[in-house]
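Examination of the molecular architecture
In case you want the letters, here they are:
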Amino acid sequence: MREAAGICYFIEDDYEASVILDICRQVPCYLNISAALDYDDATRQLKIDVNAHSALSQMIHQNDLRLTVYVVEDSLRSSLQKTNNLSVGQLNDDGTYTQNGVIRSFVTDVWGEQVSLVNNGTDFGFDRHYDVSLPEEWNTDNLRIVAFAFGEGVQGAVVTAYY
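Description of the structure in this document. (Residues numbered from 1 in each chain as written. Predicted model: local features only at pLDDT ≥ 70, side-chain atom pairs only at ≥ 80, totals over all residues. Heavy atoms only, no water.)

What follows is about the environment of D64. Within the fold, D64 resides in strand β4 (residues 62-73). For D64, a relative accessible area of 34% corresponds to the partly exposed category. Spatially, the C-alpha atoms of D64 and V115 are 7.8 Å apart, while their sequence positions differ by 51 residues. A distance of 3.2 Å separates a polar atom in the side chain of D64 from a polar atom in the side chain of R66. Within the structure, the side chain of D64 is placed 3.1 Å from the side chain of Q114, a separation counted as a polar contact. (Helix = DSSP H or I, 4+ residues; strand = E, 2+ residues; numbered from the N terminus. Buried < 20%, exposed > 50% of the residue type's maximum accessible area, 1.4 Å probe, protein only. Polar contact = N/O pair within 3.5 Å; in protein donor to acceptor, adjacent residues only side chain to side chain.)

Here we come to the packing of aromatic side chains. Aromatic ring pairs are reported here in terms of the distance separating the ring centres and the angle at which the planes meet. For the structure on display, the rule yields three aromatic pairs. The structure contains a cluster of three or more aromatic residues connected by ring pairs, namely Y70, F106, F148 and F150. (Phe/Tyr/Trp six-rings, centres within 6.5 Å; stacked < 30°, edge-to-face > 60°.)

We now examine unusual backbone geometry. One non-glycine residue, R44, lies in the positive phi region at around 55 degrees. Relative to the helices and strands, R44 is located in the loop between β2 (32-40) and β3 (45-54). R44 gets classed as buried once you look at its relative accessible area, which sits at 10%. You will see that S75, though not glycine, has its phi angle at about 65 degrees, which is positive.

This part is about the pattern of salt bridges. Pairing of side chains with opposite charge becomes possible as their charged atoms draw close. Under the criterion given, the structure shown has seven salt bridges. D64 is the partner of R66 in a salt bridge, and the nearest nitrogen-oxygen pair spans 3.2 Å. (Salt bridge = Lys/Arg side-chain N within 4 Å of Asp/Glu carboxyl O.)

Ranked by size, the top nonpolar core spans 22 residues in total, and within it L31, V50 and F126 carry the most contacts. Apart from the residues lying within four places of it in its own chain, the contact partners of F126 are L31, V50, N51, A52, L65, L67, V115, S116 and L117. (Core = buried A, V, L, I, M, F, W, Y, C linked by side-chain atoms within 4.5 Å. Contact = heavy atoms within 4.5 Å.)

The strands that make up a sheet are held in pairs by hydrogen bonds between backbone atoms, and each pair lies either parallel or antiparallel. Read across the open sheet, the four strands follow the order β2-β3-β10-β9; overall the sheet is antiparallel. What marks the edges here is a single partner per strand, and that holds for β2 and β9 (118-119). Two strands pair when backbone bridges link them, and β2 and β3 are joined in this way by nine bridges, in the antiparallel orientation. When the bridges of β3 are listed, D40 appears paired with Q45. (Pairing = 2+ DSSP bridges.)

All right, on to a nonpolar patch on the surface then. On the surface, Y15, V19 and I23 cluster together into a nonpolar patch covering about 310 Å² of accessible area. Assignment of secondary structure puts I23 in helix α1 (residues 14-25). (Patch = residues over 30% accessible without salt bridge, like charges linked within 9 Å, V, L, I, M, F, W, Y side chains within 5 Å. Areas by Shrake-Rupley, 256 points an atom, 1.4 Å probe, with all protein chains shown as cover.)

The structure is reproduced here in structure tokens:
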């Protein structure tokens, strides 16, 4: 498991974010991805089972389907961020900043693991299993797993993500 600091982008206006999300919602999703988690608090071992299902045998206008999985943590406090574009409530009374969605670790390679859709009798899909050791300093109550698949367009210009 590789650790990464992650890159954080701030959108100054909630309206801009809602417009971007509305545009994304208009793109049909051909792949349904889910993850089942099993965490052992005594050993701090997390088992992640990712599965994907599709009615299609291949993604439309896509090749090189890849799966990326990473661990993010919310509610991290930092005193290092300096910006004038803070949303209300982001700056804490003690002068620290609350960071959400901080990438703690990539479970797969940052560019994902190549996957193929296989016929499982009722539809097409894939299953992957990962074992992750969580460091003591990570607050497991604030962790989330992000899993998404993406493929480069057949002409190399368009990347579509399924999550």
